[in-house]
Amino acid sequence: MNPIAARSAPSDPESVERWYASATVRNSPRIVVPDITQGEYIFPRSRQPLSEHPIVTGLGEDAISFVLTQSAYRYMYEIGLLETRYVIDCALNIVNNEIKGASDNEKREALAIVIDEGYHAYVALDFILQMKALSGVQPVEVPDTNGNLDAVRRAFEVLPQHMHHDFQLISVCLAEHTLTKDLLSIGREKDATRTFTQVMTDHVSDEGRHANYFARLTKAHWARLPDATKTVIATLLPSYLDDYLAGDPERGFDRKVLSAYGLAESQVSRVIDETHETYLASMNGYITKTKANLVKLLQRVGIMDFPAARAAFLAHEASAALTSTIRAA
Ligand SMILES: [Fe+2]
Ligand SMILES: [Fe+2]
């Protein structure tokens, strides 16, 4: 046994041992993307209704694979963006006291998260590069932002500068919680290749730890904030959740994918129209479920105990209900 590697100090929190023992960056072999053969797909078909439309299936396996390959590219690029532009930045802000109040133990855990997230972004890009080499298919787009990052940017535009880091911690706490549930859910889909599922299950094994860490830190941080800051952030939270979770009812990505495969404009419109109900049902179901989970999380970290937060959500729900009543009339 290596005495240096084996030794841990009696004062170490359980998180240290756990990270050395179970972090995927320390324990997982490289994920090798298989050469997809007929009947196996790189991305779950159940998550991309385009792949089941008769016009697409009528074009054969190559068209189905193309559509799913594009979805896999997008999923992996979005993971990379979230990690490198958002979570790592927040964790480094904890380490460097831009987000104030973390203990040295908490900073060490934040550094573990920087390493984990850097590895997740690495795995995602490695997956993309292997897919490109195997399929010869180029991504229809390489995103440089996503709905979450855009919503945070818009929140920063309305928040005073000195509250940005406080808000960043809360928004990352929300995002890490959502990501954990999303990865669990997509990893359970049965109709994708085992390799895709493996990336999801490896990733989620780290994310549960991250989600707990950010919840703990957010709870402590929120308790330390002055009431004036709490009031401003709490008032923004309901509309921030709407903005952050908004999907794309225009389906710009789906249209681009179909056009890139060579479908005529009229065929693209037909596929979009005929899959739209399924798409919207899935998008709206996701938004409702996720929002309910996030409100529970806000309760767990103490934010909903603050009167202005409760009042803001109640007012928002009342106005949302009113809006739908007016729309229905
Ligand atoms: Fe991650
Ligand atoms: Fe994470």
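About the thresholds
Within each chain, residues carry numbers counting from 1 in the order of the written sequence. A letter from A marks each chain and a number from 1 marks each ligand, given out in the order of writing. This being a predicted model, a pLDDT of at least 70 is required before a residue's local features are given, and a value of 80 or more before pairs of side-chain atoms are given or counted; all residues contribute to the totals for chains, interfaces and linings. Only hydrogens and water are removed before side-chain values are computed, so all heavy atoms of the structure are retained for them. Numbering of helices and strands runs from the N terminus, with a helix taken as a DSSP run of H or I at least four residues long and a strand as a DSSP run of E at least two residues long. Each residue gets one of three labels from its accessible area relative to the maximum for its type: buried under 20%, exposed over 50%, partly exposed in between, using a 1.4 Å probe on protein chains only. In what follows, a contact means two residues having at least one pair of non-hydrogen atoms within 4.5 Å. Per-residue and other accessible areas were derived by the Shrake-Rupley procedure at a 1.4 Å probe size, with only the shown protein chains allowed to occlude residues. With a 1 Å grid laid over protein atoms only, a set of points is called a cavity when a 1.4 Å probe fits there but cannot get out and a pocket when it is open yet has protein on both sides within 12 Å along at least five of seven lines; lining residues have an atom within 4 Å of a point. Grid points are joined across faces, edges and corners, and a volume is the space filled by probe spheres set on the points. By the convention adopted, Pro, Cys, Tyr, Trp, Phe, Met, Ile, Leu, Val and Ala count as nonpolar, Lys, Arg, Asp and Glu as charged, and the other residues, Gly among them, as polar. Arc definition: it is the arc formed by the directions from the helix axis to the C-beta atoms. Only rings of Phe, Tyr and Trp enter the pairing, Trp through its six-membered ring, and a pair is recorded when the two centres are within 6.5 Å. The plane angle decides the type: under 30 degrees is stacked, over 60 is edge-to-face, the rest tilted.

Draft legend 1. Inspection of the overall build of the chain at higher detail. Helices and strands together make up the secondary structure of the chain, namely 13 helices and zero strands. Starting at the N terminus, the α and β elements of the chain follow one another as α-α-α-α-α-α-α-α-α-α-α-α-α. Here the C-alpha coordinates of the chain stretch approximately 70 × 60 × 30 Å along the principal axes. Evaluated residue by residue, the chain yields a buried proportion of 47% over its 329 residues. Pairs at least 24 residues apart make up 82% of the contacts formed inside the chain by residues separated by at least 6 positions. Surface summary for the chain: the accessible area is close to 16,400 Å², and the carbon and sulfur share equals 55%.

Draft legend 2. Quick peek at unusual backbone geometry. The phi angle at Asn 97 is positive, at roughly 65°, despite the residue not being glycine. With respect to the helices, strands and loops of the structure, Asn 97 is situated in the loop between helix 5 (61-95) and helix 6 (104-135). In the Ramachandran plot, Arg 251 falls in the positive-phi region, its phi being about 60° despite a non-glycine side chain.

Draft legend 3. Region of the structure containing empty space enclosed by the protein. The final tally for this structure, using the stated rule, is one cavity of 30 Å³ or more. Forming the walls of the largest cavity are 13 residues, and the residues nearest its centre are His 120, Val 123, Val 199, Asp 202 and His 203. Of all the secondary-structure elements, those providing two or more residues to the lining of the largest cavity are helix 5, helix 6 and helix 9 (194-224). With four residues, the top contributor of residues to the lining of the largest cavity is helix 6. By residue class, the composition of the lining of the largest cavity is eight nonpolar, four polar and one charged.

Draft legend 4. Spatial organisation of helix 2 (residues 14-22). Turning to helix 2, its buried residues number three or more, namely Ser 15, Val 16 and Trp 19. Projected onto a plane normal to the axis of helix 2, the buried residues spread over an arc of 105° and lie on a single side. Pointing more than 90 degrees away from the buried face of helix 2 are the exposed residues Glu 14, Glu 17 and Ala 21. The inward-facing, buried residues of helix 2 abut helix 3 (24-27), helix 6 and helix 9.

Draft legend 5. Representation of the packing of aromatic side chains. Taken as a whole and assessed by the stated rule, the structure comprises 11 aromatic pairs. Arranged with centres 6.4 Å apart and planes meeting at 75°, the rings of Phe 156 and Phe 167 form a pair that is edge-to-face. Within this pair, whereas Phe 156 is found in helix 7 (residues 147-158), its partner Phe 167 is found in helix 8 (residues 164-187), the two being separated by 11 residues in sequence. For the pair Phe 167 and Tyr 240, a centre-to-centre distance of 5.0 Å together with 85° between the ring planes defines the contact as edge-to-face.

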